[in-house]
Amino acid sequence: MTDQLNLRPAEMADAENLFVWRNDPDTRKGSHNSDEVIFESHLAWLEASLDFPEQNKPEKNKPKQRLLWIAEVNGVAVGTCRADRVENAWELSWTVAPEARGKGFAHQMLSKLVHYFDEPLVALVKVGNIASMKVAERAGFVLKQDTEQEGDILLYTRRPS
Ligand SMILES: CC(C)(COP(=O)(O)OP(=O)(O)OC[C@H]1O[C@@H](n2cnc3c(N)ncnc32)[C@H](O)[C@@H]1OP(=O)(O)O)[C@@H](O)C(=O)NCCC(=O)NCCS
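Keep in mind that what you see is a predicted model, and the values were worked out from it rather than measured.

Think of a ball as big as a water molecule: rolled over the atoms, this probe shows where empty space is left. The computed volume of the largest pocket comes to approximately 1,200 Å³. What lines the largest pocket is a set of 41 residues, and nearest its centre among them are Thr27, Gly30, Ser31, Trp94 and Thr95. If you tally residues by element for the lining of the largest pocket, the top one is strand E4 (residues 89–96), at 6 residues. When grouped by side-chain class, the residues that make up the lining of the largest pocket number 16 nonpolar, 15 polar and 10 charged. Lining of the second largest pocket is provided by 14 residues; of these, Pro120, Leu121, Val122, Thr157 and Arg158 occupy positions nearest its centre. Sorting the residues of the lining of the second largest pocket by element identifies E4, strand E5 (121–126) and strand E7 (153–158) as the ones contributing at least two each. Classifying every residue of the lining of the second largest pocket gives 8 nonpolar, 1 polar and 5 charged.

Dropping the structure here:
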């Protein structure tokens, strides 16, 4: 039986895991920005991404522009997904912890995540990232072939179900 994967909102306590996963060589290869990040800028990025309530006070009603989750199996963090607000859609991206890859967790994360949204979704996948192409397609994304591709990036879209 497949272990049950759970998605929960990310928090500052996840900084270390997210940092290690972000700087993993295969993650960097699959990312649009493949630069290695330093811990201080990672912390600043995470703080801003989590949109702390105290920072948020003046604009309490402003909808969030970024949502970040941690995927857990039996209480162990195995990956992360992110949603960034873009024009008329949410852009999804995902990473599985290096030690947890190849076990179907990306499939499980994405198939759960897409049902949180009732708006169009997009995903940008690097050419050659076969695992992510499969994951996107199985979660209902369709490769958009009628638009000009940006370099080595494939554009996937998904309509709300
Ligand atoms: C891409 C990534 C998320 C896949 O996660 P995963 O949990 O290992 O994926 P799964 O086990 O759910 O496998 C998904 C599919 O890809 C295949 N696959 C897994 N790793 C693969 C690899 N290195 N090469 C080719 N296919 C691969 C699996 O066999 C599976 O195929 P199936 O649908 O035919 O069964 C993970 O490798 C990762 O985090 N990579 C670095 C970050 C990244 O590239 N993120 C995506 C940015 S869009």
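Following the structure, the description resumes.
The next thing to look at is the nonpolar core. One finds Leu92, Trp94, Met109, Leu110 and Phe141 to be the most contacted residues of the largest nonpolar core, which totals 39 residues. Leaving out residues up to four positions away in the same chain, Trp94 has contacts with Thr80, Cys81, Met109, Leu110, Ala123, Val125, Ser132, Val135 and Ala136.

All right, on to helix H3 (residues 39–50) then. Compared with an ideal rise of 1.5 Å per residue, which puts 12 residues at 16 Å, H3 spans 16 Å between its outermost C-alpha atoms and is within 8% of the ideal. On its buried face, H3 is in contact with helix H1 (15–23) and strand E2 (66–73).

In this section: the pairing of E4. In terms of burial, E4 is largely enclosed, as 7 of its 8 residues are buried. As paired strands, strand E3 (residues 76–86) and E4 are joined by 8 bridges and run antiparallel to one another. Residue Cys81 lies in a different strand from E4, and its bridge partner there is Trp94. Linking E3 back to E4 in an antiparallel pair, the connection comprises 2 residues, with Asn88 at a positive phi of about 60 degrees. Alignment of E4 against E5, held across 2 bridges, turns out to be parallel.

Another aspect to go through is the sheet that holds strand E6 (residues 142–143). Spatially, E1-E2-E3-E4-E5-E7-E6 is the arrangement adopted by the 7 strands of the open sheet, whose pairing is mixed. Strands with a single pairing partner mark the edges of an open sheet, and in this sheet they are strand E1 (5–9) and E6. Where E5 meets E7, 6 bridges bridge the pair, whose relative direction is antiparallel. What sits directly across from Val122, in E7, is Thr157. Lying over the sheet, helix H5 (residues 105–113) contacts E1, E2, E3 and E4, oriented at roughly 155 degrees with respect to E4. The strands that helix H6 (residues 130–138) touches are E4, E5 and E7; relative to E7, the one it contacts most, it runs at about 15 degrees.

Let's shift gears to the environment of Gly151. Along the chain, the position of Gly151 falls in the loop between E6 and E7. On the accessibility criterion, Gly151 (66% relative accessible area) is exposed. Distance from Gly151 to Val127, taken between C-alpha atoms, is 9.0 Å for residues 24 residues apart in sequence.

Calculation criteria
- The residue numbers shown here count from 1 along each chain, following its written sequence.
- Local features are withheld for residues below a pLDDT of 70 in this predicted model, meaning they are given only at 70 or higher, and side-chain atom pairs are given and counted only at 80 or more; totals for whole chains, interfaces and linings count all residues.
- Each side-chain value is derived from all of the structure's non-hydrogen atoms; neither hydrogens nor water enter the calculation.
- Computed over the protein atoms alone on a 1 Å grid, cavities are sets of points where a 1.4 Å probe fits but cannot get out and pockets are open sets with protein on both sides within 12 Å along at least five of seven lines; a residue lines them when it has an atom within 4 Å of a point.
- Grid points are joined across faces, edges and corners, and a volume is the space filled by probe spheres set on the points.
- Where helices and strands are cited, they refer to DSSP runs of H or I of at least four residues and of E of at least two residues respectively, numbered from the N terminus.
- Nonpolar residues are Ala, Val, Leu, Ile, Met, Phe, Trp, Tyr, Cys and Pro. Charged residues are Asp, Glu, Lys and Arg, and all others, Gly as well, are polar.
- Grouping buried Ala, Val, Leu, Ile, Met, Phe, Trp, Tyr and Cys residues that are joined through side-chain atoms within 4.5 Å yields what is termed a nonpolar core.
- Throughout this description, buried means an accessible area under 20% of the type-specific maximum (1.4 Å probe, protein chains only), exposed means over 50%, and partly exposed covers the range between.
- It only takes one pair of heavy atoms within 4.5 Å for two residues to be counted as in contact.
- Expected helix span is given by 1.5 Å per residue-to-residue step, counting one fewer step than there are residues.
- A pair of strands is treated as paired once DSSP finds two or more bridges between them.
- Every axis corresponds to a line fitted to the C-alpha atoms, with the helix fit spanning only the stretch in contact, and the corresponding angles, defined between N-to-C directions, vary from 0 to 180 degrees.

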